[in-house]
Amino acid sequence: MRRKLAAGNWKMNGLRANLGEIEALIAAHPAPECEVLICPPYTLVSAAADLVKGRIAIGGQNCHPQISGAYTGGISARMLKDAGASHVILGHSERRADRFESDELVHAKSTTAISEGLIAIICVGETERERDRGATLDVISSQLKGSLPLNASGASLVIAYEPIWAIGSGRTPTLEQIAEVHDFMRAEMVKKFGDDGEEIRLLYGGSVKPSNAADIFTVSNVDGALVGGASLLASDFGAIVAALEAS
Ligand SMILES: O=C[C@H](O)COP(=O)(O)O
């Protein structure tokens with residue numbers, strides 16, 4: 001049975017003063033039925049982990065493929081784990097685009113992250129042009145093939161489907177379009193990992209808000225959400241957590 005996951009990606013937002021939002025979220029949802037995860041910027045991971053004391057999960061937004069070494073500015077999976085993180089987002093489209101992060105690099109990072117005991121959340125998704133020319137499933141298939149780690153299990157891997165055109169835009173695919181991709185990803189997971197593929201959680205991400213979350217959570221093979229903007233305020237993210245719990 002897959003435990004649902006509400007994951008918040010703060011991206012490059014958040015100062016120490018914003019840790020109060022995490023406190024408010026926990027106060028409003030002290031014993032959530034679903035797993036709740038906040039991925040703040042690196043600078044807040046340790047403080048957030050100390051604050052939550054295991055009541056919700058804390059994650060990173062990226063890590064280096066190596067464990068340590070002469071990589072100025074790099075943050076390793078081992079460092080994230082040491083700081084109290086349990087998850088790490090990898091291959092977000094904002095990194096694939098801005099940092100030219102390839103499937104091969106996401107594969108290396110996710111393999112290391114899982115070896116270090118983190119849960120890897122691998123992001124995939126098509127551009128609007130790719131959707132318009134009917135290439136969505138081909139793009140997802142190729143990203144999955146290139147990015148998946150060597151060593152995944154149902155417990156250590158999460159896939160987030162984030163259509164690039166839906167991120168931060170206020171636009172979302174239709175429920176049928178989300179279902180098509182999620183059903184496809186489930187089949188791909190089972191093809192690659194056998195029965196374990198049934199345990200891998202599949203998140204939808206891209207303009208998830210309190211107003212559309214409940215509908216999105218009705219879609220088959222949607223096991224939760226990866227939320228950007230609406231995860232910054234406890235009131236908004238709490239409403240999404242509540243919608244997931246009710247689904
Ligand atoms: O990682 C989160 C996604 O990029 C979604 O961001 P958004 O909810 O602001 O559209």
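Sequence order sets the numbering: in each chain, residues are counted from 1 along the sequence as written. Totals for whole chains, interfaces and linings use all residues, but because this is a predicted model, local features are given only for residues with pLDDT of at least 70 and pairs of side-chain atoms are given and counted only at 80 or more. Hydrogens and waters are ignored; side-chain quantities use all the structure's heavy atoms.

Let's shift gears to the site of the ligand. Not every one of the 13 residues close to the ligand is listed here, only the nearest: Lys-11, His-92, Gly-168, Ser-207 and Gly-229. At 2.9 Å from an oxygen atom of the ligand is found a main-chain nitrogen or oxygen belonging to Gly-228. Protein contacts shield 96% of the accessible area of the ligand, which totals 310 Å² for the unbound molecule. Three residue categories are used. Nonpolar comprises Ala, Val, Leu, Ile, Met, Phe, Trp, Tyr, Cys and Pro, charged comprises Asp, Glu, Lys and Arg, and polar comprises the others, including Gly. Here the shell around the ligand is composed, by residue class, of four nonpolar, seven polar and two charged. One heavy atom suffices: a residue is near a molecule or strand as soon as one of its heavy atoms comes within 4 Å of it. Residues adjacent in sequence count toward polar contacts only when both atoms are side-chain atoms; beyond that, a polar contact is any pair of N or O atoms within 3.5 Å, and within protein one must be able to donate a hydrogen and the other to accept it. Surface accessibility in these figures is a Shrake-Rupley result with a 1.4 Å probe; residues are shielded only by whichever protein chains are displayed.

Remark: nonpolar core denotes a set of buried residues (Ala, Val, Leu, Ile, Met, Phe, Trp, Tyr, Cys) joined through side-chain atoms within 4.5 Å. Exposure categories follow from relative accessible area, calculated using a 1.4 Å probe and restricted to protein chains: below 20% of the type maximum is buried, above 50% is exposed, and the middle band is partly exposed. Membership of the largest hydrophobic core comes to 62 residues, with the highest contact counts inside it found for Ile-22, Leu-157, Ile-159, Met-185 and Phe-217. Core analysis: the second largest hydrophobic core is formed by 13 residues, Leu-37, Ile-119, Val-158 and Ala-160 among them.

Per the convention used, a helix needs a DSSP run of H or I reaching at least four residues, while a strand needs a run of E reaching at least two, with both numbered from the N terminus. With respect to the element layout, Glu-128 can be found in helix H6 (residues 128–132). In this structure Glu-128 comes out as partly exposed when scored by relative accessible area, which is 34%. Between the alpha carbons of Glu-128 and Pro-163 there is a distance of 7.8 Å; along the sequence they are 35 residues apart. A distance of 2.6 Å separates a polar atom in the side chain of Glu-128 from a polar atom in the side chain of Arg-171.

Sequence positions flagged by UniProt for "binding site: substrate" (unreviewed entry) are, in local numbering, Asn-9, Trp-10, Lys-11, Gly-168, Ser-207, Gly-228 and Gly-229. Across 221 residues in sequence, these annotated residues keep their C-alpha atoms within 13.9 Å of one another, forming a single compact spot. Along the polypeptide, Gly-168 turns up in the loop between strand E6 (157–161) and helix H8 (175–193). A relative accessible area of 75% means that Gly-168 is categorised as exposed. Here, residues are in contact when the closest pair of their heavy atoms is within 4.5 Å. Among residues more than four places away in sequence, those in contact with Gly-228 are Asn-9 and Lys-11. UniProt positions are given in the numbering used here, feature names are shortened, and annotations may be inferred rather than shown by experiment.

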